[in-house]
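# Survey of secondary and tertiary structure
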Amino acid sequence: MMFRPRSIRLRLTVWYAAALAAIVIAFALGVYLFVRASLLREMDAQLERDLATVTRVLREEPFEINELAQHGSVEFFQVSQGNVVVAETPGWSREVLEKALAEVPEGPARSWRSHAGQSFRIRNAVLQLPGQPRVVVAENEQTLRTSLESIAVILLVGSPLAVLVAVLGGYLLAGRVLIPIETMTARAGAITAERLSERLPVENSDDEFGRLALMLNGTFARLEDSFERLRRFSADASHELRTPLTALRSVGEVGLQRELDAAGCREVIASMLEESDRLTRLVDSLLTLSRGDVGALSVVRERVELAQVAADVVEIIGVLAEEKGQTIELRAEKGLCAVVNPEMLRQALINVLDNAVKYSPPRGRIEVRVRRTERGEAALEVQDQGPGIAREHRELIFDRFYRADPGRSREMGGAGLGLAISRQAVELNGGRIELESEEGRGCRFSILLPIT
Ligand code: ADP
């Protein structure tokens, strides 16, 4: 099984150490081979110079060759013809170099080591001179070998030491670099559902850790927002449910306390039924919303003619409008279709048109239009002549349980969920809902859908 350290710090250090060791080994080897090659090249050049000196004397003053051997500048050389040694330096036989002749062939310089352990660099050449003399020149390689050995020792001892120091440094550095992660881990551990307002520290927003912390902080902010909305929703829902339940209870209690005749009983029961109706509507709305929250996947869509949907809704709400003496005018372009869930779209439009009726004065005029917009979308518009909605409420009225005018809205039986349901239904069907309004001059709600 492969060795895989559990901590990033250790893993970084191992990788770093392996890479560094490979580089140092390659470097040390390179240095050693380079120094060795240049020292040998220098020695070979010296041998060539020695050979040239001997050759020049042999060619120009052959009788001086012994003089050169005894007192010349060339340390080791031997000149022979056949088996006869013509001249040799005094050190030649002492250093048992003659043995080298059998082992070093004619040609470029070669290293040779005697049985006694002495090293020489030897150049063996046959000259193109009368009698074809053989000249062998040699250089003691001992100093070169000692230098190379010293370099090798330095590199062998120094390289692991250098790697060790660098790895220790790397380990410390990796520890330092990873400190932000440690801090983030500790802080993230402290962030719970109850403490979602805590954030991770961001030391430098431009580096990788900083960006990670920023990204996680963004996620925490969204989570906090969702939790907050959920909390508010539960609180609002309980509050809304409590109101009709309390009303139901007090009507019942009052009814029980009094001696009632049949008509009185009927009145109490009717008022209890009214409250229970309200309760049912509220629970239905909550159910619709929570079903929508589960997601758009379950939405079954089909191609629907928008003018038809508008006509159906106008017919349903028309009854309520008539009770208030209002008129609903429908102007619909034929042939505009969208792929939506017809029930959801109908519900969305019902809520909007129902509001128009609820909040418009008696005998007002409401206009419903189905048209293609300039941007090529299909629009279902509801324009009323009600009080309009003030700027500060416009963004919020689509939120759950939001009422621009709580007293009035509750009086009309609303819980502030109608527009939230409309928006959810429209968005789950790929559209959006917009509001244009001027306070005191009515509202225009537009449901915008992609045309198909
Ligand atoms: P509700 O059930 O209370 O009517 P909605 O979500 O349908 O809840 O509407 C939210 C709020 O927006 C209402 O309480 C009301 O104050 C305001 N509103 C909605 N439609 C209109 C409208 N056509 N004219 C004026 N105010 C409106």
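Along each chain, the written sequence defines residue order, and numbers are assigned to residues from 1. Only residues with pLDDT of at least 70 get local features here, since the model is predicted, and only at 80 or more are side-chain atom pairs given and counted; chain-wide, interface and lining totals rely on the full set of residues. In computing side-chain values, all of the structure's heavy atoms are included and hydrogens and water are not.

### A word on the sheet that holds strand 12 (residues 443-450)
- Following DSSP output, two strands are said to pair if at least two bridges run between them. Helix numbers and strand numbers start at the N terminus; a helix is a DSSP run of H or I with at least 4 residues, a strand a run of E with at least 2. What the five strands build is an open sheet, ordered 7-9-10-12-11; its pairing is mixed. The sheet is open, and its two borders are formed by strand 7 (327-332) and strand 11 (432-437), each paired with just one other strand. Neighbour-to-neighbour, the strand axes of the sheet open up by a mean angle of 15 degrees, direction not taken into account.
- As paired strands, strand 10 (residues 377-383) and strand 12 are joined by seven bridges and run antiparallel to one another. Following the sheet pairing, E381 is matched in strand 12 by S446.
- In the packing of helix 9 (residues 306-323) onto the sheet, contacts are made with strand 7, strand 9 (365-372), strand 10 and strand 12, and the angle to strand 7 comes to roughly 175 degrees. For every element, the axis is a line fit to its C-alpha atoms; helices are fit only across the contacting stretch, and the angle between N-to-C directions ranges from 0 to 180 degrees. Residue contacts are defined here by distance: any two heavy atoms, one from each residue, within 4.5 Å place the two residues in contact.

### Some remarks on the sheet that holds strand 5 (residues 134-140)
- With antiparallel pairing, five strands are arranged side by side in an open sheet as 2-1-5-4-3. Two strands close off the open sheet at either side, each with one partner strand: strand 2 (84-88) and strand 3 (107-113). This sheet shows a mean twist of 25 degrees between the axes of neighbouring strands, independent of strand direction.
- Where helix 1 (residues 8-60) meets the sheet, its contacts fall on strand 1 (76-81), strand 3, strand 4 (119-126) and strand 5, and the angle it forms with strand 5 comes to roughly 145 degrees.

### A look at a nonpolar patch on the surface
- The grouping of V153, L156, V157, L161, L164 and L168 at the surface amounts to a nonpolar patch, some 610 Å² of accessible area in total.
- Here V153 shows up in helix 5 (residues 142-177). Like-charged residues are merged into a patch within 9 Å and nonpolar side chains (Val, Leu, Ile, Met, Phe, Trp, Tyr) within 5 Å, provided each residue has over 30% relative accessible area and no salt bridge. For accessible areas, the Shrake-Rupley method is used with a probe of radius 1.4 Å. Any residue's cover is judged against the shown protein chains and nothing else. Criterion for a salt bridge: a side-chain nitrogen of Lys or Arg within 4 Å of a carboxyl oxygen of Asp or Glu.

### Quick notes on the pairing of strand 5
- A 1.4 Å probe rolled over the protein chains alone gives each residue an accessible area, and that area as a share of the maximum for its type sets the label: buried under 20%, exposed over 50%, partly exposed in between. Counting buried positions along strand 5 yields five of seven residues, so the element is predominantly enclosed.
- Looking at chain direction, strand 4 and strand 5 are connected through seven bridges and run antiparallel. Directly across from R123, in strand 5, lies its bridge partner V137.

### A look at the environment of G376
- Here G376 shows up in the loop between strand 9 and strand 10.
- By relative accessible area, G376 is classed as partly exposed at 34%.
- As for G376 and G107, which are separated by 269 residues in sequence, their C-alpha atoms are 93 Å apart.

### Here's the deal with the packing of aromatic side chains
- In this scheme Phe, Tyr and Trp rings, the latter by its six-membered ring, pair at centre separations within 6.5 Å, and the angle between planes marks the pair as stacked below 30 degrees, edge-to-face above 60, and tilted otherwise. This model, assessed by the stated rule, comprises three aromatic pairs.
- Geometrically, the ring pair formed by F76 and F120 is edge-to-face, given 5.7 Å between the ring centres and 85 degrees between the ring planes. Taken together, the positions of F76 in strand 1 and F120 in strand 4 put the pair 44 residues apart, joining distant regions of the chain.
- Ring geometry for F398 against F445: centres 6.2 Å apart, planes inclined by 85 degrees, an arrangement best described as edge-to-face. One end of the pair, F398, is in the loop between helix 11 (391-394) and helix 12 (406-411); the other, F445, is in strand 12, and 47 residues separate them in sequence.

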